[in-house]
Amino acid sequence: KIYSVGDIVRFHRIKITQFNSEFLGVSSNGFSALVFEGTAGAPVLPRTSSKSYSFTEEDHKIVESLRIWQMGQQTFTKSRIKLSDIKPEQYFNLICHLVGKAELDKASYLLKVWDGSKCALPTWKVCVEEEALERNSDFLSHRHHLTVDVLVYDNHVEAAKSLKVGSYIVIQNLHAKLHNTSNENQAQNSYLEFHLHGGTLYGRGITILPENDIDVKELQNWRKHFPAACLQ
């Protein structure tokens, strides 16, 4: 069950041979494999067809180290788009600060995020019970109109659940969907919805950024010095 480039695989009882002067791995008696999502911060939950398998603490450390190594090979900044520059129907990578989260149902999860800018278009606010929302109360009380709501679906729900409010994250291949509403008594209104669809197309997923990341430092600086006039 390999979903995308970047998945991490542990081969058990693989036989290494040579063919045309190159190493070749082939299955042998007792062969099996475990597959893990390659996204840093995601739960270490194996995908496997085996009914039983061994997985040691050392294996766990290797999976985590490979995730961190892989994150260093990616260039999120080059594909970064600020919320203030988003256009309808765009897919993009969003580097942001997680300020709230809530479980909606088994197949969807809500993330409230901010990236230091303000979306130029109106955005959809998801209705959720106040007691169900885990949040940074101080931040949302002053900047709730600057945040956007992201709906996360399917295979990304478990990763979203594991996130800690206050984390700095990259949401990869996020979809800004334009929604139009109108009826006989009202003029047509448009707003943006943000969806992280299921699957792993184009690296779709969520990655936690380390505290010393340059983008994290920039977001932290924005939090401290965001113009007071924008908070009104």
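Residues numbered from 1 in each chain as written. Predicted model: local features only at pLDDT ≥ 70, side-chain atom pairs only at ≥ 80, totals over all residues. Heavy atoms only, no water.

- The name an unreviewed UniProt entry assigns to the protein is Protection of telomeres protein 1, from the organism Staurois parvus.

1. Digging into the overall build of the protein
And step 1. Scanning the protein from N- to C-terminus turns up four helices and nine strands.
And step 2. Ordering the α and β elements of the protein from the N terminus gives β-β-α-β-β-β-α-β-α-β-β-β-α.
And step 3. Within the span of the protein, comprising 232 residues, buried residues form 40% of the whole.
And step 4. Look at the contacts in the protein between residues 6 or more apart in sequence, and 68% of them connect residues 24 or more apart. (Helix = DSSP H or I, 4+ residues; strand = E, 2+ residues; numbered from the N terminus. Buried < 20%, exposed > 50% of the residue type's maximum accessible area, 1.4 Å probe, protein only. Contact = heavy atoms within 4.5 Å.)

2. Considerations on the packing of aromatic side chains
And step 1. The full count for this structure, using the stated rule, is three aromatic pairs.
And step 2. Between Phe11 and Phe31, the aromatic rings sit 6.2 Å apart at their centres with planes inclined by 25°, giving stacked as the arrangement. Of the two residues, Phe11 sits in strand 1 (residues 8-19) while Phe31 sits in strand 2 (residues 22-36), which places them 20 residues apart along the sequence.
And step 3. The exposure class of Phe11 is partly exposed, given its relative accessible area of 47%.
And step 4. Residue class for Phe31 comes out partly exposed when judged on its relative accessible area of 33%. (Phe/Tyr/Trp six-rings, centres within 6.5 Å; stacked < 30°, edge-to-face > 60°.)

3. Structural notes on the confidence of the model for the protein
And step 1. Chain-level statistics for the protein give a pLDDT mean of 83 and a share of 85% at 70 or above.
And step 2. In the model of the protein, helix 2 (residues 137-143) stands out as the element of lowest mean pLDDT, 67, in contrast to strand 6 (residues 148-153), which has the highest, 96.
And step 3. Here residues 227-232 is modelled with pLDDT under 50, and outside its nearest four sequence neighbours on either side it reaches nine contacts, counting other chains as well. (pLDDT = per-residue confidence, 0-100.)

4. Some words on the pattern of salt bridges
And step 1. In this structure the tally under the stated criterion is eight salt bridges.
And step 2. In this structure, the salt-bridge partner of Glu134 is Lys101, at a minimum N-O distance of 4.0 Å. With Glu134 in strand 5 (residues 134-135) and Lys101 in strand 3 (residues 90-105), the pair connects residues that are 33 residues apart, well separated along the chain.
And step 3. Look at Glu134 and you get partly exposed, because its relative accessible area is 44%.
And step 4. You can call Lys101 buried: its relative accessible area is 5%.
And step 5. Here the salt bridges do not stand alone but share partners, grouping Glu103, Glu158 and Lys161 into one network. (Salt bridge = Lys/Arg side-chain N within 4 Å of Asp/Glu carboxyl O.)

5. Overview of the nonpolar core
And step 1. One finds Leu111, Val113, Val150 and Phe194 to be the most contacted residues of the largest nonpolar core, which totals 25 residues.
And step 2. Sorting the residues of this core by element identifies strand 3, strand 4 (108-114), strand 6, helix 3 (157-162), strand 7 (168-183) and strand 8 (186-196) as the ones contributing at least two each.
And step 3. Among the nonpolar cores identified, the runner-up in size contains six residues, and Ile95, Tyr168, Leu209 and Val216 belong to it. (Core = buried A, V, L, I, M, F, W, Y, C linked by side-chain atoms within 4.5 Å.)

6. With respect to a nonpolar patch on the surface
And step 1. On the surface, a cluster of nonpolar side chains totalling about 530 Å² of accessible area is made up of Phe11, Ile14, Ile16, Phe23 and Phe31.
And step 2. Going through the elements one at a time, strand 1 and strand 2 are the ones with two or more residues in the nonpolar patch.
And step 3. Among the elements that take part in the nonpolar patch, strand 1 stands out by supplying three residues, more than any other. (Patch = residues over 30% accessible without salt bridge, like charges linked within 9 Å, V, L, I, M, F, W, Y side chains within 5 Å. Areas by Shrake-Rupley, 256 points an atom, 1.4 Å probe, with all protein chains shown as cover.)

7. Describing the side chain of Ser32
And step 1. Position of Ser32 among the secondary structure elements: in strand 2.
And step 2. Those residues in contact with Ser32 that lie beyond four places of it in its chain are Arg10, Phe11, His12 and Ser50.

8. Observations regarding the pairing of strand 3
And step 1. Strand direction decides the pairing type here: strand 3 and strand 4, joined by seven bridges, are antiparallel. Bridging across to strand 4, Gly100 finds its partner in Lys112.
And step 2. Count of turn residues in the strand 3/strand 4 antiparallel hairpin: two residues.
And step 3. Pairing of strand 3 with strand 5, which is carried by two bridges, proceeds in the antiparallel orientation. Across the sheet, Gly100 pairs through a bridge with Arg135, a residue of strand 5. (Pairing = 2+ DSSP bridges.)

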